[in-house]
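Summary of the model geometry
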Amino acid sequence: MMKKILLILTIILAASLMICSVSAGGFFDFFDNTAADNVDDGKFVVGFNPEFPPFTYKDDSGNYTGFDLELAQEVARRNNWTFVAQPIIDWNSKEVEINSNEIDCIWSEFTIDGRESDYTWSDPYFNNSQVIVVKGDSGINTPSDLKGKNVEVQEGSSALHCLEEHNESLKNTFAQLTQIKEYNTGFMDLESGVCDAVIADVGIANYHINGKFNSYNFKILDEPLTYEQYGIGFKKGNTELKDQVQKTLDEMFKDGTVDKIAQKYGDYGISGGLMHK
């Protein structure tokens, strides 16, 4: 009887160890998986904000496009990867999506400054500035003129980070700082008088002023809020994919492909901000 009990206990113990081993293996495999697994399957999944024209946005035909997405698509083509444009609807969730391997990288007018330790970064490829847009007849000519004014900025954006981390004294002079979901709302609010100013990346500002809102009397203040650089953000530690994308992008700079794509967005000042090596 005792031998039977010992045999049963031995079987139970062995089974338990096997389950633990499998579970632990799966557990650690979860953390060892990198976004490069998508590339291993032949896909290059690019996360982007669909409200960041002219870099990433939805055109009048309902297709996702923009300067950054065209660059990413060409990188995928040259590496024989299937390009997948994955919109990040809630921009505040971008870190969760890349850390859970839902996307391979964030390529969407993505500012390096202030996020240096959050991602594995490509080399910077674009010089950007955060600018202030107001009505031409508003009497607002410098950032100090925003004292007592209502200002809007996109939630989770670099412009918001810039205000909160580097220009808090200026922010504290505003009557109100409102975070909006997308900049189309901000420019409509500016026209209707709901707000007095919109702070945005210079590319976004130029896109709206020279595009949908070109008939409105908007202007960009001469003094930018700050200067910064765009890069491609990869999951921290995913240097293998970063290096391959960087190598391909460098080749595209050298053979003139990047400049050619930038010329398509000439009205928005893209060519002037490119960082050639």
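We now turn to the structure provided with this report.

So, how was this worked out
Residues numbered from 1 in each chain as written. Predicted model: local features only at pLDDT ≥ 70, side-chain atom pairs only at ≥ 80, totals over all residues. Heavy atoms only, no water. Helix = DSSP H or I, 4+ residues; strand = E, 2+ residues; numbered from the N terminus. Buried < 20%, exposed > 50% of the residue type's maximum accessible area, 1.4 Å probe, protein only. Contact = heavy atoms within 4.5 Å. Areas by Shrake-Rupley, 256 points an atom, 1.4 Å probe, with all protein chains shown as cover. 1 Å grid on protein atoms, 1.4 Å probe; cavity = no way out; pocket = protein on both sides within 12 Å on 5 of 7 lines; lining within 4 Å. Points joined across faces, edges and corners; volume = space filled by probe spheres on them. Nonpolar A, V, L, I, M, F, W, Y, C, P; charged D, E, K, R; others polar. Axes fitted to C-alpha atoms, helices over the stretch in contact; angles between N-to-C directions. Parallel < 35°, antiparallel > 145°, perpendicular 65-115°, else oblique. Left-handed = near helix turned anticlockwise from the far one by under 90°. Phe/Tyr/Trp six-rings, centres within 6.5 Å; stacked < 30°, edge-to-face > 60°.

Of the regular secondary structure elements, the chain holds eleven helices and 14 strands. Within the span of the chain, comprising 277 residues, buried residues form 47% of the whole. Contacts in the chain between residues far apart in sequence, at least 24 positions, make up 76% of those at least 6 positions apart. Element-wise, carbon and sulfur atoms account for 50% of the exposed surface of the chain, whose accessible area totals about 14,000 Å².

What follows is about empty space enclosed by the protein. According to the stated counting rule, one finds one cavity of 30 Å³ or more in the structure shown. Each pocket or cavity is described by its volume, and for the largest cavity that value is around 70 Å³. Every residue along the wall of the largest cavity is listed here: Phe52, Trp91, Glu109, Phe110, Thr111, Arg115, Gly156, Ser157, Ser158, Tyr183, Asp201 and Ile204. For the lining of the largest cavity, the residue count by class is five nonpolar, four polar and three charged.

For the rest of this paragraph, the subject is the packing of helix H7 (residues 183–192) against helix H8 (residues 202–210). At their nearest, the axes of H7 and H8 sit 11 Å apart, and the two run at 55° to each other. Looking at the two axes, H7 sits oblique to H8. The handedness of the crossing between H7 and H8 is right-handed. Only Ile204, Ala205, His208 and Ile209 of H8 make contact with H7, whose side of the interface consists of Tyr183, Asn184 and Phe187. Tallied by class, residues from the contact of H7 with H8 come to five nonpolar, two polar and no charged.

Throughout the structure, instances matching the rule amount to 20 aromatic pairs. An angle of 45° between the planes, with centres 6.0 Å apart, marks the rings of Phe187 and Phe218 as tilted. Within this pair, whereas Phe187 is found in helix H7, its partner Phe218 is found in strand E12 (residues 218–220), the two being separated by 31 residues in sequence. Residue classification places Phe218 among the buried residues on the basis of a relative accessible area of 9%. Put simply, the rings of Phe52, Trp91, Phe110, Tyr119 and Trp121 touch in pairs and so form one group of aromatic residues.

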